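A look at the structure
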Amino acid sequence: MTELNPVFLDKLRAAKKISFFTGAGMSAESGIPTFRGEDGIWKKFRPEELANFKAFVRSPEMVWEWYQHRRRVITECAPNPGHLAIKDLESKFSITVITQNIDNLHNRAGSSSVIELHGNILKNYCLTCKKRYDHPAELHIEGTPRCTCGGLIRPDVVWFGENLPEGLFEHAEEEVISSDILFSVGTSSVVYPAASLPHTALKKDVYVVEVNPVETEFTEYANLFFKGKAGVILPLIIRAIS
Ligand code: OAD
């Protein structure tokens, strides 16, 4: 990408509010594997055995072991130039990040308004009394952690077949439709209801820009498609308007 589309640049310069809808590709350059594609997590593991409530109740040790492993990977990774570019845009625009990622990296980059549609891997709660355990250090790393009430503690993430936390999706929709521009970054756009957000934006005449190294289910609908990595394209966009 040598030159940015002039229509896009005009839209960007005139924009007041910009939202970002992000998926696993946003964190790929931080070293966190995506779900789909050649090296995707779901090529090696079966979601129904690991990201599913029935599987958790049947075999909490196995699910915990997997989540503790992912926590270790995630805490050793750092936000990449894409996350930092989104944070930097706060000096020029009102920015909301709506993420499907549970890796906490937008928060760690310093973004101040982050909606975590699928939860946050660092957070947990007791299935029985709902007591929160939001600091993993409080949990026994080996084995299956139990609450002081004896209940099973689960990660506060959305598993397959579960609904998003009440009101959160509606909040995300409000943020999207009140934006001048929506960026859809690093998502295969196949998991609903999250994947409906860019379509909702288009219906409300929000200008939607997609950033992805490959075309997705959404690409044909996007107003503009940047073929490339988030950590490369987003800093370029910032430079173009600074
Ligand atoms: P996917 O793994 O389905 O898609 C990742 C996307 O990121 C793909 O389209 C890649 O081409 C793209 N990508 C890879 N590297 C990139 C980079 N450096 N920059 C930009 N894009 C890049 O991940 P999601 O769409 O996030 O759900 O998956 C959605 C949901 O499915 C996840 O939230 C998770 C999963 O099952 C739950 O856990 C509920």
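What you see is a predicted model, and the numbers here were worked out from it, not measured in a lab. Positions within a chain are numbered from 1, following the residues in the order the chain's sequence is written. Totals for whole chains, interfaces and linings use all residues, but because this is a predicted model, local features are given only for residues with pLDDT of at least 70 and pairs of side-chain atoms are given and counted only at 80 or more. Excluded from the side-chain calculations are hydrogens and water; all other atoms, namely the structure's heavy atoms, are used.

For the rest of this paragraph, the subject is the domain arrangement of the protein. Taken domain by domain, the protein holds domain 1 (1-32 + 79-118 + 163-242) and domain 2 (35-76 + 121-157). The straight-line distance from the C-alpha centre of domain 1 to that of domain 2 is 27 Å. Throughout, a contact is declared for two residues whenever any of their heavy atoms are within 4.5 Å. On the side of domain 2, eleven residues touch domain 1, which itself brings eleven residues to the contact. Between domain 1 and domain 2, the buried area comes to about 810 Å², and carbon and sulfur atoms account for 62% of it. Salt bridge criterion: a side-chain nitrogen from Lys or Arg within 4 Å of a carboxyl oxygen from Asp or Glu. Viewed at the interface, domain 2 and domain 1 are joined by zero salt bridges. Polar contact is the term for a pair of N or O atoms within 3.5 Å; when the atoms are in protein, one must be able to donate a hydrogen and the other to accept it, and sequence-neighboring residues count only if both atoms are side-chain atoms. Inspection of the region where domain 1 meets domain 2 yields two residue pairs in polar contact (both at pLDDT 80 or more). Its residues assigned to classes, the side of domain 1 that touches domain 2 comprises five nonpolar, three polar and three charged. Domain borders in the structure are assigned automatically or taken from a domain database. Note on terms: buried area is the combined drop in 1.4 Å-probe accessible area of two parts once they are placed together, counting the loss on both. Charged means Asp, Glu, Lys or Arg here, nonpolar means Ala, Val, Leu, Ile, Met, Phe, Trp, Tyr, Cys or Pro, and polar covers whatever is left, Gly included.

With that out of the way, let us pick up the site of the ligand. Taken together, 22 residues are adjacent to the ligand, and Phe35, Arg36, Thr187, Ser188 and Asn212 come closest. Backbone polar atom of alanine 24 to an oxygen atom of the ligand: 2.8 Å apart, as the coordinates give it. At 2.9 Å from a nitrogen atom of the ligand is found a main-chain nitrogen or oxygen belonging to alanine 230. Accessibility throughout is a Shrake-Rupley quantity obtained with a 1.4 Å probe, and a residue counts as covered only by protein chains that appear here. In isolation the ligand has 800 Å² of accessible area, and contact with the protein removes 90% of it. Residues that form the shell around the ligand fall into these classes: ten nonpolar, nine polar and three charged. Both domains that meet at the shell around the ligand, namely domain 1 (1-32 + 79-118 + 163-242) and domain 2 (35-76 + 121-157), each give it at least three residues. The near set for a molecule or strand comprises every residue that places at least one heavy atom within 4 Å of it.

Turning our eyes to something else, we now look at the pattern of salt bridges. In total, this model carries four salt bridges according to the counting rule given. Across the pair arginine 132 and aspartate 134 runs a salt bridge, and its minimum N-O distance is 3.0 Å. Working definition: with a 1.4 Å probe on protein chains only, accessible area under 20% of the residue-type maximum means buried, over 50% means exposed, and in between means partly exposed. Given the relative accessible area of 39%, arginine 132 is considered partly exposed. Residues joined in a network through salt bridges with shared partners are Arg132, Asp134 and Asp156.

Bringing unusual backbone geometry into the picture now. Between tyrosine 192 and proline 193 the backbone carries a cis peptide bond, its omega angle lying at 10°. Helical segments are the DSSP runs of H or I of at least four residues, strand segments are the runs of E of at least two, and each set is numbered from the N terminus. If you trace the backbone, proline 193 turns up in the loop between β6 (181-185) and α9 (197-203). Despite not being glycine, asparagine 104 shows a phi value in the positive range, around 70°. Along the chain, asparagine 104 turns up in the loop between β2 (94-99) and α7 (105-109). Of note in this structure, lysine 130 is not a glycine but carries a positive phi near 70°. By the secondary structure assignment, lysine 130 is in the loop between β4 (119-126) and β5 (153-157). Look at lysine 130 and you get exposed, because its relative accessible area is 52%.

This paragraph deals with the side chain of serine 189. By secondary structure assignment, the location of serine 189 is in the loop between β6 and α9. Judged by its relative accessible area of 5%, serine 189 is buried. For serine 189, the residues in contact, after removing those within four places along its chain, are Ala195, Glu210, Thr216, Glu217 and Phe218.

What helix α6 (residues 81-88) keeps buried is the set Gly82, His83, Ala85 and Ile86. Along the axis of α6, the buried positions cluster into a sector of 160°, meaning they face one direction only. Buried residues along α6 sit against β1 (17-22), β2, α7 and α10 (230-241). One side-chain oxygen of the residue at the start of α6 lies 2.7 Å from the amide nitrogen of glycine 82, identifying that residue as asparagine 80. In this context, the arc is that of the directions from the helix axis out to the C-beta atoms.

On to the layout of surface pockets. Computed from the structure, the second largest pocket encloses a volume of approximately 280 Å³. Site definitions follow a grid-based scheme: protein atoms alone, a 1 Å grid, a 1.4 Å probe that fits but cannot get out for cavities, and for pockets an open set with protein on both sides within 12 Å along at least five of seven lines, plus lining residues having an atom within 4 Å of a point. What lines the second largest pocket is a set of 16 residues, among which Gly119, Asp156, Val157, Val158 and Pro165 lie closest to the centre. At the level of secondary structure, the elements contributing two or more residues to the lining of the second largest pocket comprise β4 and β5. Tallying contributions element by element places β4 first for the lining of the second largest pocket, with four residues. Taken domain by domain, the makeup of the lining of the second largest pocket includes at least three residues from each of domain 1 (1-32 + 79-118 + 163-242) and domain 2 (35-76 + 121-157). Grid points are joined across faces, edges and corners, and a volume is the space filled by probe spheres set on the points.

This next bit is on empty space enclosed by the protein. Tallied over the entire structure, the rule returns one cavity of 30 Å³ or more. What the largest cavity holds in volume is close to 30 Å³. Surrounding the largest cavity, Thr99, Asn101, Asp103, Asn104, Leu105, His106, Asn107, Val114 and Glu116 form its lining. Put simply, the parts of the chain that give the lining of the largest cavity at least two residues each are α7 and β3 (114-116). The dominant element in the lining of the largest cavity, judged by the number of residues it contributes, is α7, at three residues.

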